[in-house]
Amino acid sequence: MEFQLTEEQQMVRKMAREFAERDVAPKARELDAESRWPTELVKGMAELGLLGVAVPEEFGGAGMDNVSYALAIEEISRACASTGVIMSVNNSLVCDPLNKFGSDAQKKEWLTPLASGEKLGCFGLTEPSSGSDASDMQTVAVKDGDEWVIDGSKNWITNGPHADMILVFCCTDRSQGARGTTAFIVPKGTPGFNPQPADHKLGIHAAHSCTMFFENCRIPDSLRVGEPGMGFKIAMSTLDGGRIGIAAQALGIAQAAFEKAVAYSQERKAFGEPLAKKQAIQFKIADMAMELDAARVLILRAAWMKDQAVKDKSVRHTQQSAMAKLYASEMATRVTHQALQIFGGYGYSKEYDMERHYRDARITEIYEGTSEIMRIVIAATALKG
Ligand code: CAA
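Residues numbered from 1 in each chain as written. Predicted model: local features only at pLDDT ≥ 70, side-chain atom pairs only at ≥ 80, totals over all residues. Heavy atoms only, no water.

Asker: Which parts of the structure should I look at to understand empty space enclosed by the protein?
Answerer: Leftover empty space is mapped by rolling, across the atoms, a probe with the size of a water molecule. In total, this model carries two cavities of 30 Å³ or more according to the counting rule given. Empty space within the largest cavity amounts to approximately 40 Å³. Lining of the largest cavity is provided by A70, L71, E74, A248, L251, R296, I299 and L300. When residues of the lining of the largest cavity are traced back to their parent elements, those giving at least two are α3 (66–79), α6 (231–267) and α7 (279–311). (1 Å grid on protein atoms, 1.4 Å probe; cavity = no way out; pocket = protein on both sides within 12 Å on 5 of 7 lines; lining within 4 Å. Points joined across faces, edges and corners; volume = space filled by probe spheres on them. Helix = DSSP H or I, 4+ residues; strand = E, 2+ residues; numbered from the N terminus.)

Asker: I keep staring at the nonpolar core and nothing clicks. Help me out?
Answerer: Nonpolar side chains tend to gather and get buried jointly when the protein is soluble and globular. Counting residues in each nonpolar core, the largest one holds 111 residues, and the members touching the most others are M87 and I150. The biggest single contributor to this core is α6, with 16 residues. Setting aside anything within four residues of it in sequence, one finds I150 in contact with T139, V140, A141, V168, C170, F184, V186, F214, E215, N216, C217 and I219. Counting residues in each nonpolar core, the second largest holds six residues, with A322, L326, M374 and V377 among its members. (Core = buried A, V, L, I, M, F, W, Y, C linked by side-chain atoms within 4.5 Å. Buried < 20%, exposed > 50% of the residue type's maximum accessible area, 1.4 Å probe, protein only. Contact = heavy atoms within 4.5 Å.)

Asker: Please clarify how helix α10 (residues 371–384) should be interpreted in this entry.
Answerer: A rise of 1.5 Å per residue sets the reference length of α10, with its 14 residues, at 20 Å; its end C-alpha atoms lie 20 Å apart and thus fit the reference within 8%. For α10, every residue scored as buried is listed here: S371, I373, M374, V377 and I378. Take α10 and look down its axis: the buried residues cluster within an arc of 160°, on one side only. Exposed and facing more than 90 degrees away from the buried side of α10 are E372, I376, L383 and K384. Taken together, the buried residues of α10 touch α6 and α8 (318–343). Where α10 ends, the next residue or the one after it, G385, has phi of about 85°, a positive value. (Expected span 1.5 Å × (residues − 1). Arc of directions from axis to C-beta.)

Written as structure tokens, this is what we have:
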């Protein structure tokens, strides 16, 4: 067993860290305060190959592995969680399924510009009345000759207001339950496809999400991804990868809060000595350091298993991804809570980053599968043996 990163993985981490510290971190507070979409940072990530990290070079990607991808997401999210999730959605939820399930023509026309960052994508599974119960969808696609007609709505679609396409999941045969779901690419500008204005949220303000309406939206059969009825499995296996990205995002947020709390505890004096001399503070720091490390190990293991799955289709990492996401997201909530506590009143102030980290951490327990769904997935795989 090796606990060392390869030279290539270290190089990707270094490159992502340099970009994050130089270009992302100085803007993060302003992006959050103004809920501003970071156009220039999305372009910067595209130039560095960060929008298609694990996509083969022949399809516009950087041709790296999933461990490198997780390391890069952590670094970007350490600077700005919004920028981190924009990156994660394009990589995990759009490029990855197109790479795995797309036709040759779809890889050429869609995956290549998406992985190179010339275009941006989003993923439409959630609906106003079904989030966790993902197969219970009301959005339908009906076959009409060589076309499909889509009607319905999707919501909380991260990247939605800015995306050039959506990978959308629709019910095509209600009698088949989850096996009656089909995936489609719907390009921006298709008549009847109407993205709505950005949502107002507690955190990740710069990562815009929105509702999408589909009204008599016609697309050719060539934009169907995978076979009819395969959509739910495509969505689930995509989320097995996406959850690694969100876990790494949570880790980046928590790491940032931890580093700032440690530095503050060494500067700030109370009762005649730095806070860091107090055992009450040391115990918090110890717990935070240990939990960060545990999350990192779970995330890197899940990413490593996803790399094995690329080589061997029989490898599944559903449970490892769910464990990484569950632990890292709940850890981020705990760590940002304790880091804010160490900052005291300053932690609650908009003048510092801590309240942003605290708000940003919370969503990681909700999107791409809630903590409750992660426990269901882990239990189901554990009970199966
Ligand atoms: N990989 C491949 N196939 C899978 C799978 C996986 N990980 N998990 C399930 N399947 C297959 C099953 O084998 C089964 O196939 P068969 O019909 O051939 O037997 C089929 O899918 C149905 O499986 P289940 O019976 O387990 O399905 P379920 O309806 O009970 O749902 C669930 C299971 C785990 C609760 C699932 O609905 C789920 O993950 N819900 C959470 C949804 C979610 O994460 N949403 C996030 C939205 S994306 C987002 O947040 C994006 C953003 O903008 C950031």
